[in-house]
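Results of the structural survey
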4 protein chains.
Amino acid sequence: MTTTLSMLESHPRRADVDRTRLAAAIDSLNACAETCTACADACLSDDEVAALTRCIALNLNCADICLATARMLSRHAGEDGAISRSMLEACATACRACAQECARHAERQQHCRVCAEACYSCERVCRDLMVALR
Amino acid sequence: MTTTLSMLESHPRRADVDRTRLAAAIDSLNACAETCTACADACLSDDEVAALTRCIALNLNCADICLATARMLSRHAGEDGAISRSMLEACATACRACAQECARHAERQQHCRVCAEACYSCERVCRDLMVALR
Amino acid sequence: MTTTLSMLESHPRRADVDRTRLAAAIDSLNACAETCTACADACLSDDEVAALTRCIALNLNCADICLATARMLSRHAGEDGAISRSMLEACATACRACAQECARHAERQQHCRVCAEACYSCERVCRDLMVALR
Amino acid sequence: MTTTLSMLESHPRRADVDRTRLAAAIDSLNACAETCTACADACLSDDEVAALTRCIALNLNCADICLATARMLSRHAGEDGAISRSMLEACATACRACAQECARHAERQQHCRVCAEACYSCERVCRDLMVALR
């Protein structure tokens with residue numbers, strides 16, 4: 001278990017949404033960022049790298065966007081609904097594109113199979129949180 | 001002058017938009033990220049820090065989002081119009097919120113005055129690029 | 001449980017160290033980065049923010065350095081012992097400085113208590129991995 | 001010209017080193033981070049990608065490490081000589097490894113030639129600043 005929930009519980013401000021749900025979303029975003037970073041590197045090390053270049057670039061984008069989203073959701077001192085919603089939308093879009101590309105390679109590349117699942121799951125988390133924040 | 005344009009010119013793929021414009025957008029995003037990082041720290045070091053906490057958090061969000069956007073725009077191997085547009089939208093939103101908050105402190109805090117200008121300018125760059133990418 | 005270990009196990013290259021240990025180190029670094037990001041924001045939202053500014057800046061540095069270290073350790077395609085050792089040294093240094101500062105506030109600020117533990121634990125992980133990589 | 005120097009001049013704290021030099025170092029680190037991000041993507045898009053995978057991974061590491069170093073140098077509220085020196089050492093190491101790898105491809109890949117120069121120059125900047133900070 002991560003300390004994300006303990007940190008939210010000791011935060012002086014109350015979050016706009018249920019803390020357990022928010023902590024789970026932040027954990028999912030950080031896990032997806034790490035998985036995409038690892039998938040990009042596994043693709044780079046693959047004999048079939050030439051067929052995986054689009055996958056690598058989408059992995060790198062998804063990692064950076066998930067990370068920026070997790071950090072933003074961890075900052076309540078400057079909470080701004082418009083920023084949260086638009087970043088969650090961008091993040092869901094990046095996760096979906098990366099999931100779809102990874103899914104194309106899931107049969108041959110085990111790392112792409114794991115990564116596709118992480119990205120689909122993270123896309124859902126983003127979309128659910130957008131609804132909860134409305 | 002940065003080497004952003006030289007790098008775009010030596011890239012094997014042609015970008016979807018005019019390279020000079022794209023290089024200028026990437027430079028503006030990176031400059032805004034750096035300015036927001038510096039403004040957050042100047043606010044932290046200010047005698048009036050208690051009045052600047054929202055500004056600091058918006059600075060930190062804006063820095064992370066501008067940076068992720070600059071990196072995404074630098075990656076043509078996985079170009080995806082939907083990701084680009086939604087990130088530019090999120091980035092413009094974050095820049096505007098940060099610019100407005102910094103502008104409130106611009107008379108007393110010189111660093112907020114410089115940062116407000118950088119953020120307003122970067123918001124415009126994002127919106128112009130969204131139009132060009134359509 | 002995170003998918004860090006599954007990703008290492010599906011990576012085409014064998015890592016230089018035991019995979020279970022490496023996965024645990026990456027998870028610890030990512031968790032510490034998230035905890036420091038959250039601690040900085042909790043400090044910003046604290047009534048006593050003026051006494052916590054050094055803590056906030058050290059949190060922000062520690063978050064960025066842990067994250068860059070986790071990403072580097074996730075990349076085996078360009079493995080380079082000299083980079084790994086020097087980043088782990090820098091990361092251990094940043095974790096220790098942040099842990100010591102958070103520990104000073106641990107009695108009054110619960111978030112600093114949790115963060116001090118995360119940073120001390122991450123410092124140990126970095127130092128142990130430096131030995132294992134030698 | 002960037003606004004890095006204006007931001008340093010409006011910062012409430014005096015930096016430990018000459019501001020013009022520090023601003024130039026931060027600009028060099030941010031420029032190197034951007035150049036490495038762009039070089040990784042140009043390599044990915046290259047017909048010879050299979051020969052460039054080590055270059056790509058070193059580019060990605062160098063980009064993340066330069067960026068974390070630029071951010072740390074922009075934060076004076078938590079200035080800590082030990083962190084600065086160890087990060088500058090790690091950054092110089094990453095820049096040199098990336099420069100050497102890019103230099104191997106500089107004759108065939110124009111983007112690697114530009115990137116090698118940016119990395120060698122950034123390594124020098126890090127080493128000079130380490131001396132100045134002593």
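About the criteria used
- Residues numbered from 1 in each chain as written.
- Chains lettered and ligands numbered in written order.
- Predicted model: local features only at pLDDT ≥ 70, side-chain atom pairs only at ≥ 80, totals over all residues.
- Heavy atoms only, no water.
- Helix = DSSP H or I, 4+ residues; strand = E, 2+ residues; numbered from the N terminus.
- Rg over C-alpha atoms; globule rule 2.2 N^0.38 Å.
- Contact = heavy atoms within 4.5 Å.
- Buried area = accessible area lost by both parts, 1.4 Å probe.
- Salt bridge = Lys/Arg side-chain N within 4 Å of Asp/Glu carboxyl O.
- Polar contact = N/O pair within 3.5 Å; in protein donor to acceptor, adjacent residues only side chain to side chain.
- Axes fitted to C-alpha atoms, helices over the stretch in contact; angles between N-to-C directions.
- Parallel < 35°, antiparallel > 145°, perpendicular 65-115°, else oblique.
- Left-handed = near helix turned anticlockwise from the far one by under 90°.
- Disulfide = S-S within 2.5 Å.
- Least-squares fit on C-alpha atoms with pLDDT ≥ 70 in both.
- Nonpolar A, V, L, I, M, F, W, Y, C, P; charged D, E, K, R; others polar.
- Expected span 1.5 Å × (residues − 1).
- Buried < 20%, exposed > 50% of the residue type's maximum accessible area, 1.4 Å probe, protein only.
- pLDDT = per-residue confidence, 0-100.

1. A few points about the overall build of chain A
When you go through chain A residue by residue, the secondary structure sums to five helices and zero strands. Its helices and strands in sequence order give chain A the pattern α-α-α-α-α, from N to C terminus. A compact globule built from 134 residues should have a C-alpha radius of gyration of about 14 Å, and chain A, at 15 Å, falls within 12% of that. Across its three principal axes, chain A shows a C-alpha extent of roughly 50 × 30 × 20 Å.

2. What about the interface of chain C and chain A?
Each partner contributes to the interface: chain C provides 32 residues, whereas chain A provides 32 residues. Summing both sides of the interface, chain C and chain A together bury roughly 2700 Å²; the carbon and sulfur share of this comes to 61%. When the buried area of chain C at its contact with chain A is split by residue, Met-7, Glu-34 and Arg-71 of chain C rank highest and sum to 23% of it. Linking chain C to chain A there are two salt bridges. Residue Arg-71 of chain C pairs with Asp-64 of chain A through a salt bridge whose shortest N-O separation is 2.8 Å. Summed over the shared surface of chain C and chain A, the result is 14 residue pairs in polar contact (both at pLDDT 80 or more). It is helix H2 (residues 19–44) of chain C that provides the largest number of residues to the side of chain C that touches chain A, a total of 10 residues.

3. A word on the packing of helix H2 (residues 19–44) of chain B against helix H5 (residues 110–133) of chain B
The packing of two helices is summarised by the inter-axis angle and the distance between the axes. Residue and element names in this part refer to chain B. At a minimum axis separation of 9 Å, H2 and H5 run at an interaxial angle of 150 degrees. With respect to H5, the element H2 is oriented roughly antiparallel. The handedness of the crossing between H2 and H5 comes out as left-handed.

4. As for the environment of Ala-90 of chain A
Tracing the backbone shows Ala-90 of chain A in helix H4 (residues 81–104). Sequence spacing of Ala-90 of chain A and Cys-66 of chain A is 24 residues, and the spatial spacing of their C-alpha atoms is 9.3 Å. For Ala-90 of chain A, the contacting residues outside a window of four places in its chain are Ile-65 of chain A together with Ser-86, Met-87 and Ala-90 of chain B.

5. Overview of the state of the cysteines
Per the counting criterion, the structure on display carries zero disulfides over all chains. Cysteine Cys-39 of chain B shares no disulfide, and the gap to the nearest cysteine sulfur, in Cys-112 of chain B, comes to 3.9 Å. Distance from the sulfur of Cys-62 of chain C, which forms no disulfide, to the nearest cysteine sulfur (Cys-36 of chain C) is 3.9 Å.

6. Quick word on the interface of chain A and chain D
Across the contact, nine residues belong to chain A and nine residues belong to chain D. Between chain A and chain D, a total of about 670 Å² is buried, with carbon and sulfur atoms accounting for 81% of that surface. Counting the contacts that link chain A with chain D gives zero salt bridges. Linking chain A with chain D are zero residue pairs in polar contact (both at pLDDT 80 or more), by the criterion used here. If you list the elements that add at least two residues to the side of chain A that touches chain D, you get helix H2 (19–44) and helix H3 (53–73) of chain A. Sorting elements by how many residues they give to the side of chain A that touches chain D places H3 of chain A first, with five residues.

7. Describing the relation of the copies chain A and chain D
Each copy superposes on the other: chain A lies on chain D with an RMSD of 0.0 Å after a rotation of 180 degrees and an axial shift of 0.0 Å. Here the two chains are linked by the operation of a two-fold rotation axis. Closest approach to the rotation axis among the C-alpha atoms of chain A is made by Ala-50 of chain A, whose C-alpha sits 3.3 Å away. The fraction of interface residues of chain A whose copies in chain D are also interface residues reaches 100%, indicating that both copies meet through the same surface.

8. Considerations on the packing of helix H4 (residues 81–104) of chain D against helix H5 (residues 110–133) of chain D
Residue and element names in this part refer to chain D. Interhelical geometry of H4 versus H5 gives an angle of 155 degrees and a closest axis separation of 8 Å. With respect to H5, the axis of H4 lies roughly antiparallel. Of the two elements, H4 crosses H5, and the hand of that crossing is left-handed. A per-class count over the contact of H4 with H5 returns 18 nonpolar, three polar and five charged.

9. A closer look at the relation of the copies chain C and chain A
In screw terms, the move from chain C to chain A is a rotation of 180 degrees and a rise of 0.0 Å along the axis, fitting with an RMSD of 0.0 Å. Comparing interface residues between copies, 100% of those in chain C also lie at the interface in chain A; the contact surface is shared.

10. Examining helix H3 (residues 53–73) of chain D
In this model H3 of chain D runs 30 Å from its N-terminal to its C-terminal C-alpha over 21 residues, within 8% of the 30 Å that 1.5 Å per residue would give. For H3 of chain D, a buried count of 20 out of 21 residues is recorded, marking the element as mostly surrounded by other parts of the structure.

11. So, H2 of chain C
With 26 residues, H2 of chain C extends 38 Å between its outermost C-alpha atoms, agreeing within 8% with the 38 Å of an ideal straight helix rising 1.5 Å per residue. Within H2 of chain C, 21 of the 26 residues are buried, leaving the element largely enclosed by the surrounding structure.

12. Focus on the confidence of the model for chain A
Averaged over all residues, the pLDDT of chain A is 95; the fraction at 70 or higher stands at 99%. For this predicted complex, the interface confidence reaches an ipTM of 0.96, while the overall pTM sits at 0.98.

13. Structural notes on the side chain of Ser-86 of chain D
Its place among the elements puts Ser-86 of chain D in helix H4. A polar side-chain atom of Ser-86 of chain D sits 3.0 Å from the main-chain carbonyl oxygen of Ala-82 of chain D. Only 3.2 Å separates the side chain of Ser-86 of chain D from the backbone oxygen of Ile-83 of chain D, close enough to count as a polar contact. When near neighbours in sequence (up to four residues on either side) are disregarded, Ser-86 of chain D contacts Ser-86, Ala-90 and Thr-93 of chain C.

14. Side note on the pattern of salt bridges
If you walk through the whole model with that rule in mind, you get 40 salt bridges over all chains. Look at the salt bridges and you will find they share partners, linking Asp-64 of chain A, Arg-71 and Arg-75 of chain B, Arg-71 and Arg-75 of chain C together with Asp-64 of chain D into a network.

15. Some words on the environment of Ala-97 of chain A
By secondary structure assignment, the location of Ala-97 of chain A is in helix H4. Spatially, the C-alpha atom of Ala-97 of chain A lies 14 Å from that of Ala-33 of chain A, the residues being 64 residues apart in sequence. Setting aside its immediate chain neighbours within four residues, Ala-97 of chain A contacts Leu-58 of chain A together with Asp-80 and Ile-83 of chain B.

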